[in-house]
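# Secondary and tertiary structure notes
Chain by chain, the residues run as shown.
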Amino acid sequence: MTHSAPTPAHTSRHTPAHDRATPQAARRTWSRAALMYPLRARPLVAAALLLCGTTLQASGPWGGLAQQAWAGPSPASLPAATPTTPPASPSPHDSAAKSDTDSFANAAALLPADATTRHTGQFDGHKIAYTARAGTLTLRDESGKPTARVFYTAYTQDDAAPDRRPVAYFFNGGPGAATAYLHLGAAGPEILAFPAGNPADGASAKLQANPDSWLAAADLVFIDAPGTGWSTPTDPAHAAETFYSVKKDASAFAKAIQLWASANGRLEAPRYLVGESYGGLRAIEVADALAQEQNFLVNGIVMISPALDMTLLDTANDTLAQAFVLPSLEMSNLSLQHKLTPENTASHLENAYAYALGPYASTLIAAPPEGEARSDFYDSVAAHTGLPHDVVERERGRIQPEAHDVRSRGGRLYSLYDATLSIADPFPEGVDNGASPDPALDGFTRAYGSAMQHYAATTLNFRTPLSYDLLNLKVNAAWDYRDGQEPLVRPIPTLRRLLALNPTLRVFIANGYYDLVCPYASSRWVAEQMPVGRNRIGLHVYTGGHMLYTRADSRTALARDVRAFLTP
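Cut-off values and rules
Residues numbered from 1 in each chain as written. Predicted model: local features only at pLDDT ≥ 70, side-chain atom pairs only at ≥ 80, totals over all residues. Heavy atoms only, no water. Helix = DSSP H or I, 4+ residues; strand = E, 2+ residues; numbered from the N terminus. Buried < 20%, exposed > 50% of the residue type's maximum accessible area, 1.4 Å probe, protein only. Contact = heavy atoms within 4.5 Å. Areas by Shrake-Rupley, 256 points an atom, 1.4 Å probe, with all protein chains shown as cover. Pairing = 2+ DSSP bridges. Expected span 1.5 Å × (residues − 1). Arc of directions from axis to C-beta. Salt bridge = Lys/Arg side-chain N within 4 Å of Asp/Glu carboxyl O. Phe/Tyr/Trp six-rings, centres within 6.5 Å; stacked < 30°, edge-to-face > 60°. Axes fitted to C-alpha atoms, helices over the stretch in contact; angles between N-to-C directions. Left-handed = near helix turned anticlockwise from the far one by under 90°. Nonpolar A, V, L, I, M, F, W, Y, C, P; charged D, E, K, R; others polar. Parallel < 35°, antiparallel > 145°, perpendicular 65-115°, else oblique. Polar contact = N/O pair within 3.5 Å; in protein donor to acceptor, adjacent residues only side chain to side chain. pLDDT = per-residue confidence, 0-100.

### So, the overall build of the chain
- Summing up its helical and strand segments, the chain has 14 helices and 16 strands in all.
- Counting all 568 residues of the chain, 61% fall into the buried class.
- Taking contacts inside the chain between residues at least 6 apart in sequence as the whole, the part at least 24 apart equals 76%.
- When the accessible area of the chain is evaluated, it comes to approximately 20,100 Å², of which 53% is carbon and sulfur surface.

Below is the structure:
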């Protein structure tokens, strides 16, 4: 596997944000190669899928998802694990200490009672004693019937003032991705470390203490979306119509957050949402659902490699999306040539952005160039991206980063999630784009799933025969992006309203230089167009790709910046 030359771990800038309306299909089937974090549309596989689900109403005795209640789970008959630290006595907030009136069937019955353990760790140079609780929250429909058992892991500092200690609520993206990526990759008290000399070797990855845990600044609550991780819908046949849409997903997360905060006496604590990739869009929608359905306002939103608008990532159909990917390709090319240094990285990024949103975008918008002008344009794109001239010509200058001939160079296959990372191309002779594996998504990051299973059993004392569903393709395929009668949810107007209605709301956006899935340029453009609260949006750029935290230096830099954000 090839890595880029060492470059500055992080660059910050504070800029602005806006929305852009482009008609789009309501639902898509997304290529597996770009799954996990916002899924990129492929014309080869795009299809319109309609989902006829009933709308959840905030009415009746239980108020649907918007006003669901929580009851404790029914413990499964499983042997208990021996935790690494002694289990604490049940607290009033443990599900096991709550009502046993619910009975569960099928997979939901295999989830055990909540587990509580005590720990100490060294974070940001400080020794912190904390309590870990792994368990489930029960969501209900209007009649009070359980609809899902939502798995969560919470880490709370012992003896901290509950009304002043911030709480960060985490979720990943996909849709269909579980929260183990952020949990064991960036913010939790333990991380999955990949071999320094061969970061693609997921089989040799090991769990270890995380000195960069965000627990140094806030209590942490990691929540898996229904259908991912161990979050289990009680009625799988109707799970799609109940949970697998933008708005219903946001309502479910909002209720789960309200349940945990209420049960643990944290309704008055400063609260933050943390989302990765599609989790960026999800964070905006959850913040809105919390305010409108739970009367619960957030202090800030942290977005890592966010999808802020799905159309702005659609390089197959959107000209702006095609321009946004250019700076990431250029920075990756410079890194692979060892031309980036701590002194010149920021200026290179600025120049790449100016080219992409200037001459490059202008050429794409105008009538296609002819003759010598066309050849000059292709030469320019090839020089900026490092792609061969013949590939640029085949793409007509509109680079589709998922195309095999774009990703395959010199017998190496480069990742969409970090365009400086590569493996030996299993199909150097060429293959359909959808059959070309991604070194990150299909490779070493899969280790987060088994690592979470092991960590939960041995450290958190949470054991179940259910496999931890790291990446659920069925959830992704069933996802409904519509907003009522509108063909596609538009989260940017929602963010604008949130910033206007909450004058102290702050937003932290982190991107990796080499991410082709949710590129930095997309985040920057949205921020720069925002008509309100632009001085409350911070852009931060780090060495790495989509999962920038897999690089130790970037993980440390990200943690340092987030600590400052969480404790202003």
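### As for the sheet that holds strand β14 (residues 422-424)
- One open sheet holds the three strands; their spatial order is β12-β13-β14, and the pairing between them is antiparallel. Edge positions in the sheet fall to β12 (408-409) and β14, since each has one partner strand and no second.

### Quick notes on unusual backbone geometry
- Residue glycine 174 is joined to proline 175 through a cis peptide bond whose omega torsion reads -10°.
- Of note, proline 175 is situated in the loop between β5 (167-171) and α1 (180-187).
- The phi angle at asparagine 461 is positive, at roughly 65°, despite the residue not being glycine.
- The residue asparagine 461 is located in the loop between α10 (447-458) and α11 (473-478) in this model.

### Observations concerning the side chain of glutamate 285
- The residue glutamate 285 is located in helix α4 (residues 278-294) in this model.
- Each residue touching glutamate 285, except ones within four places of it in the same chain, is listed here: Val246, Lys247, Ala250, Val489, Pro491 and Thr494.

### Description of helix α6 (residues 345-365)
- If you check α6, its first and last C-alpha atoms are 29 Å apart, about what 21 residues at 1.5 Å a residue would give, namely 30 Å.
- Where the residues of α6 are buried, they touch α5 (319-336), α7 (371-385), α13 (520-529) and β16 (537-542).

### A look at α7
- Across its 15 residues, α7 extends 22 Å between first and last C-alpha, which sits within 8% of the 21 Å expected from 1.5 Å per residue.
- Here α7 has its buried residues at Phe377, Tyr378, Val381, Ala382 and Thr385. Mapping the buried residues of α7 onto a view down its axis gives an arc of 135°, with all of them on the same face. Turned more than 90 degrees away from the buried face of α7, the exposed residues are Glu372 and Ala383.
- Along its buried surface, α7 packs onto α5, α6 and α8 (389-394).

### A closer look at the pattern of salt bridges
- Applying the stated criterion to the full structure yields 16 salt bridges.
- Aspartate 480 is the salt-bridge partner of arginine 482, the closest N and O atoms lying 2.7 Å from each other.
- Since its relative accessible area comes to 22%, arginine 482 is described here as partly exposed.
- The exposure class of aspartate 480 is buried, given its relative accessible area of 8%.

### A word on the packing of aromatic side chains
- With the rule as written, the count across this model stands at 25 aromatic pairs.
- For the pair tyrosine 169 and tryptophan 260, a centre-to-centre distance of 6.0 Å together with 80° between the ring planes defines the contact as edge-to-face. Highlighted residues: tyrosine 169 in strand β5 and tryptophan 260 in helix α3 (residues 246-263), separated in sequence by 91 residues. Judged on exposure class, the residue tyrosine 169 and its partner tryptophan 260 are both buried.
- A ring pair is formed by tryptophan 230 and phenylalanine 462, whose centres lie 5.5 Å apart and whose planes are at 40°; its orientation type is tilted. On the criterion of sequence distance, the pair formed by tryptophan 230 in the loop between β8 (219-223) and β9 (232-233) and phenylalanine 462 in the loop between α10 and α11 is long-range, its members being 232 residues apart.
- For tryptophan 230, a relative accessible area of 1% gives the class buried.
- One aromatic cluster is present, formed by Phe123, Tyr130, Tyr155, Phe170, Trp214 and Phe222 through successive ring pairs.

### Observations regarding the packing of α5 against α6
- α6 packs onto α5 with a crossing angle of 145° between their chain directions and a minimal axis gap of 9 Å. Relative to α6, the crossing made by α5 is right-handed. Contact with α5, carried on its side by Thr319, Leu320, Gln322, Ala323, Phe324, Leu326, Pro327, Glu330, Met331 and Leu334, involves Thr345, His348, Leu349, Ala352, Tyr353, Tyr355, Ala356, Leu357, Tyr360, Ala361, Leu364 and Ile365 of α6 and no other residues of that element.
- Of the residues in the contact of α5 with α6, the class split is 17 nonpolar, four polar and one charged.

### Some remarks on the environment of valine 167
- Here valine 167 is to be found in strand β5.
- C-alpha separation for the pair valine 167 and leucine 220, spaced 53 residues apart in sequence, amounts to 5.9 Å.
- Those residues in contact with valine 167, other than ones at most four positions away along the chain, are Ala218, Asp219, Val221, Trp260, Arg266, Ala269, Pro270, Arg271 and Tyr272.

### Some thoughts on the packing of α6 against α13
- Two numbers describe how α6 lies on α13: the axes approach to 11 Å, and their chain directions differ by 75°. If you check the angle between α6 and α13, you find them roughly perpendicular. Across the interface between the two elements, Leu349, Glu350, Tyr353 and Leu357 from α6 touch Tyr520, Ala521, Arg524, Trp525 and Glu528 from α13.
- For the contact of α6 with α13, the class distribution of residues is six nonpolar, no polar and three charged.

### A closer look at the side chain of serine 554
- Inspection of the secondary structure puts serine 554 in helix α14 (residues 552-566).
- Reaching out from serine 554, the side chain makes a polar contact with the backbone oxygen of threonine 543 at a distance of 2.5 Å.

### Considering the environment of alanine 321
- Looking at the secondary structure, you find alanine 321 in helix α5.
- With a relative accessible area of 2%, alanine 321 lands in the buried category.
- The residues contacting alanine 321, other than those within four sequence positions of it, are Thr311, Leu312, Leu313, Asp314 and Thr315.

### Here's the deal with the confidence of the model for the chain
- Per-residue confidence for the chain gives a mean pLDDT of 85, with 82% of residues at or over 70.
- Note on residues 1-8: pLDDT under 50 across the span, and 34 contacts to partners over four residues away in sequence or across chains.
- Counted against residues more than four places away or in other chains, residues 13-99, with its pLDDT under 50, gives 299 contacts.

### Looking at the pairing of β5
- In terms of burial, β5 is largely enclosed, as five of its five residues are buried.
- The alternating pattern of β5 places Val167, Tyr169 and Phe171 on one face and Ala168 and Phe170 on the opposite face, and all of these are buried.
- Sheet topology note: the β5/β8 ladder contains four bridges and is parallel. In the sheet register, alanine 168 faces β8, and the bridge partner there is leucine 220.
- Sheet topology places β5 next to strand β10 (residues 271-276); five bridges connect them, and they run parallel. By the bridge assignment for β10, valine 167 is matched with arginine 271.

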